[in-house]
Amino acid sequence: ELGIPIRHALGGVGSNLQNHADLFVQYRAAGGSSNANARHVGMLLAGLQWLLFRSGPAATNHFAAGAFIRSDGRPGLPDLKLSFLPLALDDGGRPLAGHGFQIHIGLLRPASRGFVRLRSADPAAMPLIQLNYLLDPGEVKALLAGVEIARGLVRQPPLARFHPVELRPGPEMRGRDELERWIRAALGTSHHPAGTCRIGREDDPEAVVDSALRVIGLDGLRIADCSVMPQIIAGNTNGPAMMIGQRLANLVTQARGEERAARAPESRALGVPSP
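Residues numbered from 1 in each chain as written. Predicted model: local features only at pLDDT ≥ 70, side-chain atom pairs only at ≥ 80, totals over all residues. Heavy atoms only, no water.

Asker: Before we move on, could you go through the overall build of the chain and cite the residues and values that matter?
Answerer: The helix and strand tally for the chain stands at five helices and eight strands. For the chain, the succession of helices and strands along the chain, N to C, is β-α-β-β-β-β-β-α-α-β-α-β-α. Taken against the 2.2 N^0.38 rule, which gives 19 Å for 275 residues, the C-alpha radius of gyration of the chain at 25 Å runs more than 25% over that of a compact globule. If you line up the chain on its principal axes, its C-alpha atoms span 85 × 50 × 45 Å. A burial count over the chain gives 36% of its 275 residues as buried. Contacts in the chain between residues far apart in sequence, at least 24 positions, make up 64% of those at least 6 positions apart. Summed over all atoms, the accessible surface of the chain reaches about 16300 Å², with 58% contributed by carbon and sulfur. (Helix = DSSP H or I, 4+ residues; strand = E, 2+ residues; numbered from the N terminus. Rg over C-alpha atoms; globule rule 2.2 N^0.38 Å. Buried < 20%, exposed > 50% of the residue type's maximum accessible area, 1.4 Å probe, protein only. Contact = heavy atoms within 4.5 Å. Areas by Shrake-Rupley, 256 points an atom, 1.4 Å probe, with all protein chains shown as cover.)

Now the structure itself:
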């Protein structure tokens with residue numbers, strides 16, 4: 001429909017988009033956080049400490065603790081990831097004045113699926129990305145449980161001693177309906193997109209690459225990134241992305257070795273040294 005000639009049609013390209021939605025509850029505290037190190041003179045001192053000694057608040061990404069949990073408390077695989085930061089940031093990523101902290105709630109096993117499409121035949125044009133977060137009602141239920149679990153953690157003595165005051169969503173947010181509206185408005189991303197060129201059998205109409213990461217139906221083209229995941233992993237994608245790349249490197253090395261071995265008998269027959 002954009003007037004681009006089709007070299008090879010694969011209906012699964014761009015579909016099956018998945019991502020880890022992210023939400024955070026936020027608190028102002030009476031002390032004990034590193035917010036002071038992220039503002040004005042504190043930023044300068046933190047930068048100097050890292051530059052001179054490779055230590056201090058600038059030597060960490062501030063994701064100080066994490067937990068993989070089950071939103072319903074039942075036995076089974078975790079569906080939420082909690083990440084604690086000793087910082088309180090506004091929507092622009094700027095630290096709030098004073099001390100604070102926040103707990104991120106990540107949805108590990110999204111059931112909703114989105115897509116990526118072209119907007120234009122211009123290769124420089126931005127694509128159309130539709131994430132379709134929270135189409136599945138179970139995702140909202142899990143995040144609602146995550147908010148209450150995070151609130152319960154803040155009431156425990158190690159954090160309660162800092163007299164935290166809830167800023168986001170706010171102590172007045174108690175009802176399910178109003179919390180759901182807040183979740184839908186405040187939801188962000190963990191920047192873990194995956195699944196849009198998924199691996200599968202050649203007779204699968206939604207598959208894009210085969211088990212050797214070759215684009216089905218095309219010679220000389222492979223894909224090695226998180227788009228080949230049929231289902232997003234329940235965790236950060238950086239490590240698996242490197243593993244996929246290493247797997248492709250091994251496959252290419254193996255294929256080249258087999259090609260050299262296949263040529264060797266012919267070379268010996270002609271009296272040519274093997275490569």
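Following the structure, the description resumes.
Asker: Give me the pattern of salt bridges: which residues, what numbers.
Answerer: Counted under the stated rule, the structure contains six salt bridges. Linking R151 and E148 is a salt bridge whose minimum nitrogen-to-oxygen distance equals 3.1 Å. Placement of both R151 and E148 in helix α2 (residues 137-154) is noted, with a separation of three residues, approximately one turn of the helix. For R151, a relative accessible area of 2% puts it in the buried group. Residue classification places E148 among the partly exposed positions, given a relative accessible area of 34%. (Salt bridge = Lys/Arg side-chain N within 4 Å of Asp/Glu carboxyl O.)

Asker: Kindly report on the side chain of T196, identifying the contributing residues and their values.
Answerer: By the element assignment, T196 lies in the loop between β8 (188-189) and α5 (238-269). Not counting chain neighbours up to four residues away, the residues in contact with T196 comprise G12, V13, G14, S15, N16, L17, V116, V208 and S227.

Asker: Account for a nonpolar patch on the surface, with residues named and values stated.
Answerer: Taken together, the side chains of V41, L44, L45, L48, W50, L51, L52 and F53 define a hydrophobic patch exposed on the protein surface, amounting to about 860 Å² of accessible area. You can see L45 is positioned in helix α1 (residues 41-53). Taking relative accessible area as the criterion, L45 reaches 52% and is therefore assigned exposed. (Patch = residues over 30% accessible without salt bridge, like charges linked within 9 Å, V, L, I, M, F, W, Y side chains within 5 Å.)

Asker: Can you tell me about the side chain of H192, naming the residues and giving the values?
Answerer: Structurally, H192 is set in the loop between β8 and α5. Only 2.9 Å separates the side chain of H192 from the side chain of H20, close enough to count as a polar contact. Once residues within four sequence positions are removed from consideration, H192 is found in contact with Q18, N19, H20, I232, G235, N236 and T237. (Polar contact = N/O pair within 3.5 Å; in protein donor to acceptor, adjacent residues only side chain to side chain.)

Asker: Summarise the packing of α2 against helix α4 (residues 176-186); cite the residues concerned and give the values.
Answerer: In contact at an axis separation of 10 Å, α2 and α4 are set at 100 degrees when each is read in the N-to-C sense. Here α2 is positioned roughly perpendicular relative to α4, judged by the angle of their axes. Contacts between α2 and α4 involve V140, L143, L144, V147, E148 and R151 from the former and R176, L179, E180, W182, I183 and R184 from the latter. (Axes fitted to C-alpha atoms, helices over the stretch in contact; angles between N-to-C directions. Parallel < 35°, antiparallel > 145°, perpendicular 65-115°, else oblique.)

Asker: Talk me through unusual backbone geometry; I want residue IDs and the actual numbers.
Answerer: The linkage connecting R168 with the following residue, P169, adopts the cis geometry, with an omega of 10 degrees. When you line up the elements, P169 lands in the loop between β7 (165-168) and α4. Despite not being glycine, H163 has its phi angle at roughly 50 degrees, a positive value. Inspection of the secondary structure puts H163 in the loop between α3 (157-160) and β7. H163 sits in the exposed class, given a relative accessible area of 59%.

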